[in-house]
Amino acid sequence: MDNLKLHIREIPDFPKPGILFYDITTLLKNAAGFRAIIDALKLQYEGLHVDTVIGVEARGFIFAPALAYALNAGFVPVRKPKKLPGETSRITYDLEYGTDTLEIHKDAIGNGHRVLIVDDLLATGGTASAVAKLVEQMGGIVAGLGFVIELTFLQGREKLQGYDVFSLIQYDK
C-alpha cells in the first residue's frame, strides 16, 4: 500500500501552521488507486461476517458504501447533529479543545449486529472510539475498525484497545 502514498498530496501548514495535511482527493481521482483501497479493505474483512458498515462523516462516506457493497453488507452513516431525519441516538465526546457530537438513526443497528466502522483517517482515535461506544450502546458488536490512513505518531490505537484495528497506509510524521 505504500505505493498509494505516491498519489496522496501533502499540504504543509493546512489547516493551520505546523500541520502537514495528507490530501486524499488526489488518490480518489485515480481509478486504480481508489479500486486498490476498496479491494484491500475487502480482502482484510471478507472473512468476517459483517452486517453493517458504518461510515463516519464526512470522508468515511466515500469508502464505507463501496466497502459495504463489496462485503454484501448494509451501509449506515454516522453524522453530525441534526443531519439525520429520523429519531437518533447520539454520543458526545471530548476533543483536544472542547467536545463534539455524532448521531445515528436509532433503528440503524440491531441487537447483535456485527458492525465494521470505516473512516479515512485514524488520528487521535477520539472519533473512532466514540462511534464504537455508540454501536455498543445500541446493542451492536464492533467487528473491526478500518482506516485508509493512520497517523501512527498520534497513537490513536491506544484509545481503541480491545478492538480489531486496521489501516492501509501509515505515516509516522
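Whatever comes next refers back to the structure up there.
Calculation criteria
Residues numbered from 1 in each chain as written. Predicted model: local features only at pLDDT ≥ 70, side-chain atom pairs only at ≥ 80, totals over all residues. Heavy atoms only, no water. Buried < 20%, exposed > 50% of the residue type's maximum accessible area, 1.4 Å probe, protein only. Helix = DSSP H or I, 4+ residues; strand = E, 2+ residues; numbered from the N terminus. Arc of directions from axis to C-beta. Contact = heavy atoms within 4.5 Å. Pairing = 2+ DSSP bridges. Axes fitted to C-alpha atoms, helices over the stretch in contact; angles between N-to-C directions. Phe/Tyr/Trp six-rings, centres within 6.5 Å; stacked < 30°, edge-to-face > 60°. 1 Å grid on protein atoms, 1.4 Å probe; cavity = no way out; pocket = protein on both sides within 12 Å on 5 of 7 lines; lining within 4 Å. Points joined across faces, edges and corners; volume = space filled by probe spheres on them. Nonpolar A, V, L, I, M, F, W, Y, C, P; charged D, E, K, R; others polar.

(A) Quick look at helix α3 (residues 60-70). Within the span of α3, buried status applies to Gly60, Phe63, Ala64, Leu67 and Ala68. Taken around the axis of α3, the buried residues stretch over an arc of 130 degrees, which confines them to a single face. Taken together, the buried residues of α3 touch α1 (25-28), α2 (31-45), β3 (52-56), β4 (74-78), β7 (114-122) and β8 (141-151). At the C-terminal side of α3, Asn72 shows a positive phi close to 55 degrees.

(B) Local environment of the sheet that holds β7. Here we have five strands laid out as an open sheet, ordered β4-β3-β7-β8-β9, and parallel in their pairing. In this open sheet, the two strands that pair with only one neighbour each are β4 and β9 (165-171). Put simply, the sheet's adjacent strands are angled 20 degrees from each other on average, direction ignored. Where β3 and β4 come together, five bridges link them in parallel fashion. Bridging from a neighbouring strand, Ile54 pairs with Val76 of β4.

(C) Representation of the packing of aromatic side chains within the structure. Tallying each qualifying case throughout the model produces five aromatic pairs. Look at Tyr22 and Tyr171: their rings are 3.7 Å apart centre to centre, the planes differ by 20 degrees, and that puts the pair in the stacked class. Remark: Tyr171 occurs in strand β9 and Tyr22 occurs in strand β2 (residues 20-23); sequence separation between them is 149 residues. Here Tyr22 matches Tyr171 in class, with each residue buried. With 6.3 Å between their ring centres and 85 degrees between their planes, Phe61 and Phe75 make a pair best called edge-to-face. Taken together, the residues span a long stretch of sequence, with Phe61 in helix α3 and Phe75 in strand β4 at a distance of 14 residues. Residue class for Phe75 comes out partly exposed when judged on its relative accessible area of 33%.

(D) Quick look at the layout of surface pockets. Quantified by volume, the largest pocket comes out at close to 1300 Å³. Around the largest pocket sit 43 residues that line it, and Arg59, Leu121, Ala123, Thr124 and Leu151 are the ones nearest its centre. Put simply, the parts of the chain that give the lining of the largest pocket at least two residues each are β2, α1, α3, β5 (88-95), β6 (98-105), β7, α4 (126-137) and β8. In terms of residue count, the dominant contributor to the lining of the largest pocket is β7 (five residues). Of the residues that constitute the lining of the largest pocket, the class distribution is 24 nonpolar, seven polar and twelve charged.

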